[in-house]
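Single-letter residue listing:
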Amino acid sequence: MRRTAILIVPMLAAALLLSCRKSGPNVAAGPRPYTIATIVKLDGIAWFERMREGVQRFGRETGHKCFLLGPAQADAALQVQIIEDVIAQGVDAICVVPFSVEALEPVLRKARSQGIVVVSHEASNQVNTDAIIEPFDNLAYGAHLMDHLAHHMGASGQYAVFVGSLTSKSHNEWIDGAIARQKGKYPQMELVTERIEEYDNQNTAYEKTKELIRAYPELKGIQGSASTTAAGAGLAVEEKGLQEKLAVVGSGLVSQCRQYLVSGSTKLISFWDPADAGYVMNKIAVMLLEGKRPSDGLDLGVPGYTQLRQDTEKPNLFYGSAWVDVTRQNMDAYNF
Amino acid sequence: MRPAIVAARNISKSFGGVQALREVSVALHRGEIRGLVGENGSGKSTLIQILAGVLGPDAGEIVVDGKTHAHLDPREAIRAGIQVIYQDFSLFPNLTVAENLALNTELEHGTRFVSRRRRRRIATAALARLGRDIDLTQTVAELSVADKQLVAIARALLHNARVIIMDEPTTALTQREVQTLFGIVADLKAQGMSLLFVGHKLQEVLALCDAITVLRNGRNVAEGEAAQFSPGDLVRHMTGRHLQGRPRATTVSEDEDLLKVTDLSKAGAFAHVSFAAGAGEVVGITGLLGSGRTELALSLFGLAPADSGTIEIAEQAVRIRSVPDALRAGIAYVPEDRLTEGVFAEQSIERNLAISGLSAWAHPAGWISPARLRRVVAPWLGRLRIQTPSARMPVAGLSGGNQQKVVLGRWLATQARVLILNGPTVGVDVGAKADIHAQIRELVGHGLTALLISDDLRELAEVCDRILVMHRGRIVREIPAAGCDENALARELGRLE
Amino acid sequence: MRALLHRHEFYLAALTLALSAGIALANPAFCSVANLFDLCQGSTVMGLFALGVLIVLVSGGIDVSFAAIGAFSMYVTSKVLLGLDFQGSAAVALVLGGAIGTLLGLFNAFFIGFLRLPTLIVTLGSASLFRGFLLAFIGTAIVNTLPAGMVRFSKLTLWEMRLADGTIAGLPASFLLLVVAALLVGCVLQGTMLGRGIYALGGNPVAAARAGFNLRGRQLFIYGGTGLLSGLAGVVHACMMRNANPFDLVGMELNVLAAVVLGGAGITGGRGTVLGTLLGVGLIVTINNSLILLDVPSYWQKVVVGAVILVSTGITARTGWARARGAGLC
């Protein structure tokens with residue numbers, strides 16, 4: 001018992017010192033290193049590993065203390081907990097990729113009420129945030145993927161769509177855009193069932209795809225949203241030997257999907273470079289901390305983000321034009 | 001004298017400073033049933049475990065067929081033919097009867113693979129020896145207690161047992177099952193088996209055994225042919241006291257009714273109950289099951305409040321709608337089942353003693369000083385003669401009688417004035433029973449009133465000043481204890497049938 | 001026949017059949033060889049875990065570290081074989097993964113058998129420890145390219161056919177592993193003194209000690225064996241997914257425990273069979289993999305899975321109680 005006390009006292013003292021350091025105003029003049037936490041949906045998957053590279057590169061280049069954290073399971077409550085933790089640590093800014101936009105509102109409000117700058121990504125409807133930076137207009141991106149899917153399906157036949165979670169705003173907007181495009185431009189195509197959740201889990205995407213094939217033998221296309229769908233659905237299609245019949249397109253990373261691009265089960269993956277996204281979120285956060293407001297046409301000096309477009313209705317929402325399409329032909333240009 | 005098959009000679013054993021056995025000897029001859037009797041805590045269990053090789057003695061020796069051992073290990077004991085039927089039977093409830101019977105044998109033979117046929121053969125043979133038939137494919141959990149015991153005995157016989165030690169084998173049996181067991185024991189004896197019958201139900205021991213060894217406080221105090229002992233002798237040896245024929249000192253002060261109950265009714269339980277009890281008086285309440293006596297006790301303690309009627313304590317009307325009401329009024333209740341209703345077995349003795357009076361001893365802010373607790377509780381350890389090295393030991397470590405004393409003490413420590421005792425000596429051995437009776441008398445001597453609810457007519461006749469007989473929710477008779485005995489009471493109750 | 005009606009497995013099988021019939025009525029696609037194969041494949045990893053959990057539950061313990069052991073074995077095996085640039089057979093990966101799992105299981109057994117700590121506490125602690133160690137010291141990045149042998153194994157099928165609609169239906173080789181493991185565990189539990197000792201230990205540990213069972217040896221076997229099965233499950237999972245993701249597997253503990261309990265294993269020890277466990281796994285996998293066939297909307301899928309688990313455990317538990325009450329136990 002006494003030994004525990006001996007350990008606890010210096011720990012408390014350290015914690016107090018750390019918190020004192022934070023008591024000054026956040027919008028400090030002059031260059032000082034800020035502490036910026038980037039909180040993602042799920043740690044460990046290739047997507048966010050790549051984002052971590054961008055976050056760390058920004059930290060190295062600018063001298064700010066930047067780090068990336070995320071829950072080990074895709075779970076809104078766990079993400080809230082992590083944000084609570086970094087608030088308690090006293091960071092200057094939080095960049096966040098929400099698992100569930102609604103679930104994060106209270107904790108982000110709390111962060112902002114304590115003077116912490118909040119920048120969001122993949123969350124165009126976030127309320128409690130200072131700036132939202134989207135790699136592109138979600139509806140346009142989804143429609144763009146649908147164009148590719150329709151191309152591989154010969155613009156007719158049955159297709160199904162996946163989202164990571166029904167609460168993931170951007171995934172659902174992509175699918176909204178895709179379905180709208182299909183209805184307008186490809187009337188011969190038919191959506192077979194409601195959007196399927198796969199919880200950012202490759203195994204789930206794989207099992208659900210096999211079940212789809214069983215339930216809808218005429219299925220000709222799958223459009224994925226989470227990066228795990230392009231791999232999981234690709235694996236299922238490959239195992240079933242349906243490369244020639246059933247096309248998979250979706251967001252994804254080359255490292256995860258290379259073998260399915262090679263086997264032809266996954267036709268095309270598209271992504272925006274999460275490293276760049278992490279980089280620009282942190283850059284915007286520093287701008288805000290320094291009292292500068294982003295504006296329409298802003299050039300962040302990163303490919304795809306050289307001319308930001310400000311949303312007409314929501315002045316703190318900005319779009320880049322940062323999507324990259326990858327097929328078997330050009331996949332070797334990407335090492336992540 | 002014939003040589004003994006197994007004998008323990010001058011065995012001593014202590015556990016952390018407590019001397020459990022002191023130079024105890026016991027010997028078993030071929031074809032003999034020996035009773036080993038003693039109160040809880042007299043050292044019976046320790047002796048059994050030493051004979052079974054589970055414990056090693058500190059001093060003394062164990063002689064098996066004339067060969068002397070300082071210490072048996074369990075395997076040696078089994079090889080020597082010594083088998084213990086533990087109180088819990090040591091069976092596997094999830095396995096079938098056949099497997100329970102065969103498992104030990106298979107284990108002994110170093111069997112690796114199970115054979116259904118061999119298992120069945122072993123099991124059938126084992127039960128055949130007892131002349132009983134039990135479905136071998138049933139799981140033991142589905143058996144009655146008596147059948148479980150049969151399985152345990154049959155299993156013991158498989159190991160070429162010559163000596164079977166039965167630890168309180170009749171505890172959970174019905175009267176008829178006890179008779180069956182006695183039949184089996186007699187059969188075994190006829191087959192030349194020796195049995196050590198451990199118990200404290202004197203009638204059973206006297207009826208069954210050829211010879212008796214009595215232990216008290218870890219010592220041999222008496223030994224001999226069963227015919228030499230009367231029940232009274234045994235009790236005297238076990239407790240070291242004369243318990244019979246104690247004249248009751250009349251301490252009743254007639255001037256004041258401490259408790260006065262008028263016209264108390266509760267629908268479906270009792271109706272129009274009126275009685276009074278003075279300070280220093282023990283009033284017995286008896287009646288058959290369903291007579292309403294327990295319900296009456298519960299309503300006085302606020303657990304199941306009465307519908308109408310009045311209760312007065314020291315001429316003050318009190319309203320009892322809940323347990324705290326009753327406690328405030330100075331009414332304490334000692335429950336029937338000492339373990340499930342009574343003690344917190346894992347908690348210390350002092351905490352158990354203090355639990356009912358916590359609110360009285362707590363600091364106004366709600367915290368309780370351990371030192372104060374100890375001060376309040378300490379005198380009761382002595383007054384109740386609770387035998388323990390420390391008040392901080394868990395109650396679970398005490399013998400049954402001592403546990404009952406803790407329950408008693410808990411309520412006494414609240415400074416209660418009216419004590420409701422519901423079957424206070426159920427399941428308590430004879431010495432502890434006498435202690436509790438003496439304690440009740442002593443307590444009323446301090447100006448308390450006790451209501452003693454009991455089935456034990458002898459207890460009622462010995463302890464009470466007056467006995468109220470309840471029948472179908474009403475008090476139908478009041479019998480003064482003076483000149484009343486067990487038999488007279490039984491006649492009174494018999495008349496109600 | 002009467003004995004059959006008393007078997008928990010009978011009710012479970014009946015329930016599974018009834019459920020399957022219902023699904024088949026709603027969507028005839030359920031009744032196909034291909035779907036059966038898919039269900040078998042979907043049951044493989046969960047089944048291997050469940051067999052390990054069964055052994056532990058029968059012995060009267062509980063294990064919540066198996067998923068962490070599986071993830072650890074899978075990831076370390078993949079990393080080691082990649083590091084060695086190993087091109088050989090997947091059997092080596094399975095042996096290595098199994099060995100790592102066994103070691104981690106023996107780690108549990110040490111605390112449980114020798115230090116006599118409660119199994120829940122030990123395995124809760126070790127689960128955190130294994131996982132933390134894995135993520136902190138070994139790595140967090142997904143291994144996207146498995147050793148060649150494992151990739152070959154993932155494509156290996158026991159039996160394969162091309163169906164009329166052009167799809168391939170294949171029963172993966174890894175399913176054989178589950179079958180062999182189930183037969184082995186079944187034989188050990190039912191047919192050897194080692195196994196009977198585990199039931200005895202779960203039924204009455206005090207009596208087991210008095211009877212002279214070597215309890216420490218049994219604990220080593222129980223937790224080592226569970227570790228072995230978990231390690232194998234991990235490697236098989238990696239092969240099926242063709243990647244090794246250190247974040248996978250952890251999170252399925254409750255589903256596996258539910259399957260085993262559904263299969264009739266008593267959480268208090270001493271009860272449970274391999275057949276029941278496989279049926280329990282089969283039932284849960286069937287439910288999980290039939291919701292699209294039934295066109296259950298995503299929002300409702302979790303509700304349906306939860307409700308079916310609750311109802312089916314409820315029904316099977318009730319039949320158990322009724323029997324016990326009939327025998328005068330309750």
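Residues numbered from 1 in each chain as written. Chains lettered and ligands numbered in written order. Predicted model: local features only at pLDDT ≥ 70, side-chain atom pairs only at ≥ 80, totals over all residues. Heavy atoms only, no water.

1. Things to note about the confidence of the model for chain B
Where the model shows low pLDDT, its predicted coordinates should not be examined in detail.
Residues and elements named next belong to chain B.
Argument step 1. The share of residues in chain B with pLDDT of 70 or more is 88%, and the mean pLDDT across the chain is 81.
Argument step 2. Taken element by element, the predicted model of chain B shows its lowest mean pLDDT in helix 11 (residues 338–342) (45) and its highest in strand 3 (residues 33–37) (92).
Argument step 3. The model gives residues 244–249 a pLDDT under 50, and that stretch makes 13 contacts with residues more than four places away or in other chains. (pLDDT = per-residue confidence, 0-100. Helix = DSSP H or I, 4+ residues; strand = E, 2+ residues; numbered from the N terminus. Contact = heavy atoms within 4.5 Å.)

2. Considerations on the packing of helix 4 (residues 66–83) of chain C against helix 6 (residues 119–138) of chain C
All names here are of chain C.
Argument step 1. Contact pair helix 4 / helix 6: the axes reach a minimum separation of 8 Å and the direction vectors enclose 25°. When the axis of helix 4 is compared with that of helix 6, the two are roughly parallel. Between helix 4 and helix 6 the crossing geometry is left-handed. The residues of helix 6 that touch helix 4, namely those facing A68, I69, A71, F72, Y75, V76 and K79, are A127, F130, F133, L134 and I138.
Argument step 2. Taken together, the residues of the contact of helix 4 with helix 6 break down into 11 nonpolar, no polar and one charged. (Axes fitted to C-alpha atoms, helices over the stretch in contact; angles between N-to-C directions. Parallel < 35°, antiparallel > 145°, perpendicular 65-115°, else oblique. Left-handed = near helix turned anticlockwise from the far one by under 90°. Nonpolar A, V, L, I, M, F, W, Y, C, P; charged D, E, K, R; others polar.)

3. Things to note about the pattern of salt bridges
Argument step 1. The full count for this structure, using the stated rule, is 35 salt bridges over all chains.
Argument step 2. Here E61(A) ties to R57(A) by a salt bridge, and the two come within 3.8 Å at their closest N and O atoms. With E61(A) and R57(A) both in helix 2 (residues 46–62), this residue pair falls four residues apart, about one helical turn.
Argument step 3. One connected set of salt bridges, linked through shared partners, spans K210(A), R214(A), K240(A) and D38(C). (Salt bridge = Lys/Arg side-chain N within 4 Å of Asp/Glu carboxyl O.)

4. Thoughts on the interface of chain A and chain C
You'll often see interface size given as the accessible area lost when the parts meet.
Argument step 1. Taken together, the contact pairs 38 residues of chain A with 41 residues of chain C.
Argument step 2. Between chain A and chain C the total buried area reaches about 3,300 Å² when both faces are included, carbon and sulfur atoms providing 46% of it.
Argument step 3. Together, E211(A), R214(A) and K240(A) form the three largest contributors to the area buried by chain A at its contact with chain C, with a combined 20%.
Argument step 4. Taken together, the connections running from chain A to chain C amount to five salt bridges.
Argument step 5. Across the pair K210(A) and D38(C) runs a salt bridge whose closest N-O atoms are separated by 3.5 Å.
Argument step 6. Put simply, chain A and chain C have 12 residue pairs in polar contact (both at pLDDT 80 or more) between them.
Argument step 7. Listed by contribution, the elements that provide at least two residues to the side of chain A that touches chain C are helix 2, strand 8 (196–197), helix 7 (202–215), helix 8 (227–240) and helix 9 (254–263) of chain A.
Argument step 8. In terms of residue class, the side of chain A that touches chain C is made up of 15 nonpolar, nine polar and 14 charged. (Buried area = accessible area lost by both parts, 1.4 Å probe. Polar contact = N/O pair within 3.5 Å; in protein donor to acceptor, adjacent residues only side chain to side chain.)

5. Quick look at the packing of helix 3 (residues 33–58) of chain C against helix 13 (residues 274–288) of chain C
Residues and elements named next belong to chain C.
Argument step 1. The contact between helix 3 and helix 13 brings their axes to 9 Å, and the two run at 135°. Here helix 3 lies oblique to helix 13, going by the angle between them. In the packing of helix 3 onto helix 13, the handedness of the crossing is right-handed. Across the interface between the two elements, L39, G42, S43, M46, G47, A50, L51 and L54 from helix 3 touch V274, T277, V281, I284, V285 and T286 from helix 13.
Argument step 2. A class-by-class count of the residues in the contact of helix 3 with helix 13 yields nine nonpolar, five polar and no charged.

6. Quick look at the pairing of strand 19 (residues 466–471) of chain B
Looking along a regular strand, one sees side chains alternate from face to face of the sheet.
Residue and element names in this part refer to chain B.
Argument step 1. Counting buried positions along strand 19 gives six out of six residues, so the element sits mostly inside the fold.
Argument step 2. Side chains R466, L468 and M470 of strand 19 all project onto a buried face; the interleaved residues I467, V469 and H471 project onto the opposite face, where all are buried too.
Argument step 3. Across four bridges, the pairing between strand 13 (residues 282–286) and strand 19 is parallel. Among the inter-strand pairings, V283 is bridged to a residue of strand 19, identified as R466. (Buried < 20%, exposed > 50% of the residue type's maximum accessible area, 1.4 Å probe, protein only. Pairing = 2+ DSSP bridges.)

7. A short note on helix 13 of chain C
All names here are of chain C.
Argument step 1. Taking 1.5 Å per residue as the helical rise, helix 13 with its 15 residues ought to reach 21 Å, and the 21 Å between its terminal C-alpha atoms agrees with that figure.
Argument step 2. Across the 15 residues of helix 13, 12 count as buried, placing the element largely inside the fold.
Argument step 3. Taken as a whole, helix 13 has its buried residues at V274, G276, T277, L279, G280, V281, G282, L283, I284, V285, T286 and I287. (Expected span 1.5 Å × (residues − 1).)

8. Points about the pairing of strand 1 (residues 157–162) of chain C
Argument step 1. Where strand 1 of chain C meets strand 2 (residues 168–172) of chain C, five bridges bridge the pair, whose relative direction is antiparallel. Across the sheet, residue R162(C) finds its bridge partner in strand 2 of chain C, namely I168(C).

9. Describing the sheet that holds strand 11 (residues 257–266) of chain B
Residues and elements named next belong to chain B.
Argument step 1. Spatially, the four strands line up as an open sheet ordered 12-11-14-15, and their pairing is antiparallel. Both outer strands of the open sheet, strand 12 (270–278) and strand 15 (316–318), are each paired with one neighbouring strand and no more. Across the sheet, the axes of successive neighbouring strands diverge by a mean angle of 20°, strand direction being ignored.
Argument step 2. Taken together, the five bridges between strand 11 and strand 14 (residues 308–313) define a ladder with antiparallel strand orientation. Among the inter-strand pairings, S265 is bridged to a residue of strand 14, identified as S308.
Argument step 3. Each of strand 11, strand 12 and strand 14 is contacted by helix 9 (residues 293–300), which is oriented at about 65° to strand 12, the strand it contacts most.

10. Overview of the interface of chain C and chain B
Argument step 1. Every contact between the two is made by 19 residues of chain C and, on the other side, 21 residues of chain B.
Argument step 2. Carbon and sulfur atoms make up 58% of the surface buried where chain C meets chain B, a total of about 1,700 Å² over both sides.
Argument step 3. Taken as a group, M193(C), R196(C) and R210(C) account for 36% of the area that chain C buries against chain B, more than any other trio of residues on that side.
Argument step 4. Scanning the region where chain C abuts chain B turns up one salt bridge.

11. Description of the packing of aromatic side chains
Note on aromatic pairs: each is described by the distance of the centres and the angle between the planes.
Residue and element names in this part refer to chain C.
Argument step 1. Inspection of every chain in the model, using the stated rule, returns 23 aromatic pairs over all chains.
Argument step 2. Seen in terms of ring centroids, F37 and W159 are 5.6 Å apart; in terms of plane orientation they differ by 80°. Their pairing is edge-to-face. Within this pair, whereas F37 is found in helix 3, its partner W159 is found in strand 1, the two being separated by 122 residues in sequence.
Argument step 3. You can call F37 buried: its relative accessible area is 7%.
Argument step 4. A relative accessible area of 47% means that W159 is categorised as partly exposed.
Argument step 5. Within the aromatic cluster, the residues linked to one another by ring pairs are F72, F107, F110, F111, F114, F130, F133 and F137.
Argument step 6. The ring of Y199 has R196 lying over it, and the distance from NZ or CZ to the ring centre is 4.5 Å. (Phe/Tyr/Trp six-rings, centres within 6.5 Å; stacked < 30°, edge-to-face > 60°. Lys NZ or Arg CZ within 6 Å of the ring centre and 35° of its normal.)

12. A look at the sheet that holds strand 18 (residues 449–453) of chain B
All names here are of chain B.
Argument step 1. Spatial ordering of the open sheet is given by 16-17-18-13-19-20, a layout of six strands whose pairing is mixed. Strand pairing shows two members of the sheet lacking a second neighbour, strand 16 (331–334) and strand 20 (474–480), which therefore form its edges. When the angles between neighbouring strand axes are averaged without regard to direction, this sheet yields 20°.
Argument step 2. Across five bridges, the pairing between strand 17 (residues 418–422) and strand 18 is parallel. Across the sheet, residue N422 finds its bridge partner in strand 18, namely I453.

13. Brief notes about the side chain of E134(A)
Argument step 1. Position of E134(A) relative to the elements: it lies in strand 5 (residues 131–134).
Argument step 2. Among all residues touching E134(A), those that are not within four sequence positions of it are H121(A), E122(A), A123(A), S124(A), Y305(A), L317(A), F318(A), Y319(A) and G320(A).

14. Let's talk about the confidence of the model for chain C
Residues and elements named next belong to chain C.
Argument step 1. Averaged over every residue, the pLDDT of chain C is 87; the share at 70 or more is 93%.
Argument step 2. Taking the mean pLDDT of every element in chain C, the minimum, 60, falls on helix 1 (residues 2–5) and the maximum, 96, on helix 4.
Argument step 3. The low-confidence segment residues 321–330, where pLDDT is below 50, has eight contacts with residues more than four positions distant or belonging to other chains.
Argument step 4. Our summary of model confidence lists the complex with pTM equal to 0.73 and ipTM equal to 0.83.

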